[in-house]
Amino acid sequence: MGPTQKPNVCRQLSRRALGFFSRDAGVVQRTNLGILRVLVCQESTKFKNVWTTHSKSPIAYERGRIYFDNYRCCVSSVASEPRKLYEMPKCSKSEKIEDALLWECPVGEILPNPSDYKSSLIALTAHNWLFRVSATTGKVLEKIYLASYCKFRYLSWDTPQEVIAVKSAQNKCSALARQAGIQQPILLYLAVFHVLPFSLIGILEISKKIFGNVTDATLSHGILIVMYSSGLVRLYSFQAIIEQFMQQKLDLGCACRWGGTAGTVGEAPFGIPCNIKITDSPPLLFEVSSLENAFQIGGHPWHYIITPNKKKQKGVFHICALKDNSLNENLLTVTASGRVVKKKFNLLDDDPEQETFKIVDYEDELDLLSVVAVTQIDAEGKAHLDFHCNEYGTLLKSIPLEESWDVTYSHEVYFDRDLVLHIEQKPSRVFSCYVYQMVCDPGEEETTNRSCE
């Protein structure tokens, strides 16, 4: 069975204008994305490098916004050329934003303030403040002081767009303590919040006295995931832990007395006490061994993805049923985001005469598989971004990247509708950002228009 006939863009636009899809907003959206997919992949469409910039601090990208200077400066990439949305006031190194998440308005919920219906940036600062910042103006809308007893450093979604987890840096023993045989029992802390408006669920400590020689821990979809150096991964119910081990329910903005000290929860200098302390081994839901603790879970029925715990198996993924651990032989390979790919790619050796696949990802809105392929010629590498039909694996479009590609550098490539963005980290913390926008060749565009009449 081969690919179906390519849809006629002009016919789809005419049907949309006549209101054929007006009863269902989802149908309109899918139709619009189908039109965009055709435009992206047609031969006359090019992706032009419209902007290049360099920075001494990390560059981040999220849904049409490029962030510079530790999220202090925000640039929109939606226009024909990037334009600055806002720039927050300069701050000291101790006040800089260390991590951030983009929050977008939920559907069907009544929110307390008009500003809550607009996108926000949830930002964690170096001095343990959690901010909610307007994604369009940079104005601080909410702020919480976390704590002084640890250094919080990382943000992640527990439940996307609903619950966040703020993870501390790991506690390290000093050299003198190690020599004296003194162990640091608390590895890290996890602060968990509902967002918009912020409400505290609790702060949990991860203790080696309870979990053993644990090396890391995180929260995902209500599951506490605990990792060990051996590759072992253990899963626990966070809700069960809350019900069994929460010492006291705390509310932001309320007076509190804790350990002989009184203050307001979430305000400096009191912050938020650690109110979830596990005193006994919680019920184990599941455990599995995986190389470098690589583990993802999802799907219906439930499946999990691991890499067999042997070094020679690096790059190999097994998809197993959660109910009986059986290996699913029908699924071929998986992207870094966890999506099953129907087309099988073989990673070529680093031969200068051949191409090596460096990044494989899936653009869910356009149902395209994007692959960055690199060819090393003498000392310089050249890359191109290829779009493949996700259903059949057919090559639909190839976009050459103008800049050279050094395989020893760190690279991120984003394909977001009509935008391609390449972020590169060079030695000595020099970051570069290359922005490509979709354009149509005028000469070929006339031919395309005539054929639609």
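Reading the values: rules and limits
- Each chain has its residues counted from 1, following the order in which its sequence is written.
- Residues qualify for local features only when their pLDDT is at least 70, as the model is predicted, and side-chain atom pairs are given and counted only at 80 or more; totals for whole chains, interfaces and linings, by contrast, use all residues.
- Each side-chain value is worked out from all heavy atoms of the structure, with water and hydrogens disregarded.
- The helix and strand labels rest on DSSP assignments: H or I over at least four residues marks a helix, E over at least two residues marks a strand, and numbering proceeds from the N terminus.
- Working definition: with a 1.4 Å probe on protein chains only, accessible area under 20% of the residue-type maximum means buried, over 50% means exposed, and in between means partly exposed.
- By the convention used here, residues are in contact when the closest approach between their heavy atoms is within 4.5 Å.
- With residues, only the protein chains shown are counted as cover, and all accessible areas are computed by Shrake-Rupley using a 1.4 Å probe.
- Working definition: a ring pair exists when centres of Phe, Tyr or Trp rings (six-membered ring for Trp) sit within 6.5 Å. Plane angles under 30 degrees give stacked, over 60 give edge-to-face, the rest tilted.
- Note: the arc covers the axis-to-C-beta directions of the helix.
- The predictor reports its confidence for every residue as pLDDT, a score running from 0 up to 100.

Caption draft 1: Up close: the overall build of the protein chain. Regarding its fold elements, the protein chain presents 6 helices and 31 strands. The buried share among the 453 residues of the protein chain stands at 42%. Of the contacts made within the protein chain by residues no fewer than 6 positions apart, 46% connect residues no fewer than 24 positions apart. Split by element, the accessible area of the protein chain, about 24700 Å² in all, is 50% carbon and sulfur.

Caption draft 2: Representation of the packing of aromatic side chains in the model. As enumerated under the stated definition, the model contains 13 aromatic pairs in all. Aromatic side chains Phe 47 and Phe 387 sit 6.4 Å apart centroid to centroid with 80° between the ring planes, which places their arrangement in the edge-to-face category. Residue Phe 47 is located in strand E1 (residues 45–55), and its partner Phe 387 is located in strand E27 (residues 380–389); the two are separated by 340 residues in the primary sequence. On the accessibility criterion, Phe 47 (9% relative accessible area) is buried. With 4.1 Å between their ring centres and 25° between their planes, Phe 387 and Phe 415 make a pair best called stacked. Taken together, the residues span a long stretch of sequence, with Phe 387 in strand E27 and Phe 415 in strand E29 (residues 410–416) at a distance of 28 residues. On the basis of relative accessible area, Phe 387 is assigned to the buried category, the value being 0%.

Caption draft 3: Spotlight on helix H5 (residues 238–245). All of the buried residues along H5 are Phe 238, Ile 241, Ile 242 and Phe 245. For H5, the angular spread of the buried residues around the axis is 105°, confining them to a single face. Lining the buried residues of H5 we find strand E12 (186–194), strand E13 (199–207), strand E14 (214–220), strand E15 (223–228) and strand E16 (232–237).

Caption draft 4: View of the confidence of the model for the protein chain. Here the protein chain averages 84 in pLDDT, and 84% of its residues register 70 or above. Within the model, pLDDT remains below 50 along residues 332–342, and this stretch shows 29 contacts once partners closer than five positions in the same chain are excluded. Between residues 444–453, whose pLDDT stays under 50, and residues either more than four places distant or in other chains, the model counts 6 contacts.

Caption draft 5: Quick peek at the environment of Leu 369. Examined against the element boundaries, Leu 369 turns out to sit in strand E26 (residues 368–377). Given a relative accessible area of 1%, Leu 369 falls into the buried group. A sequence separation of 22 residues divides Leu 369 from Glu 391, and the C-alpha atoms of the two residues are 9.2 Å apart.

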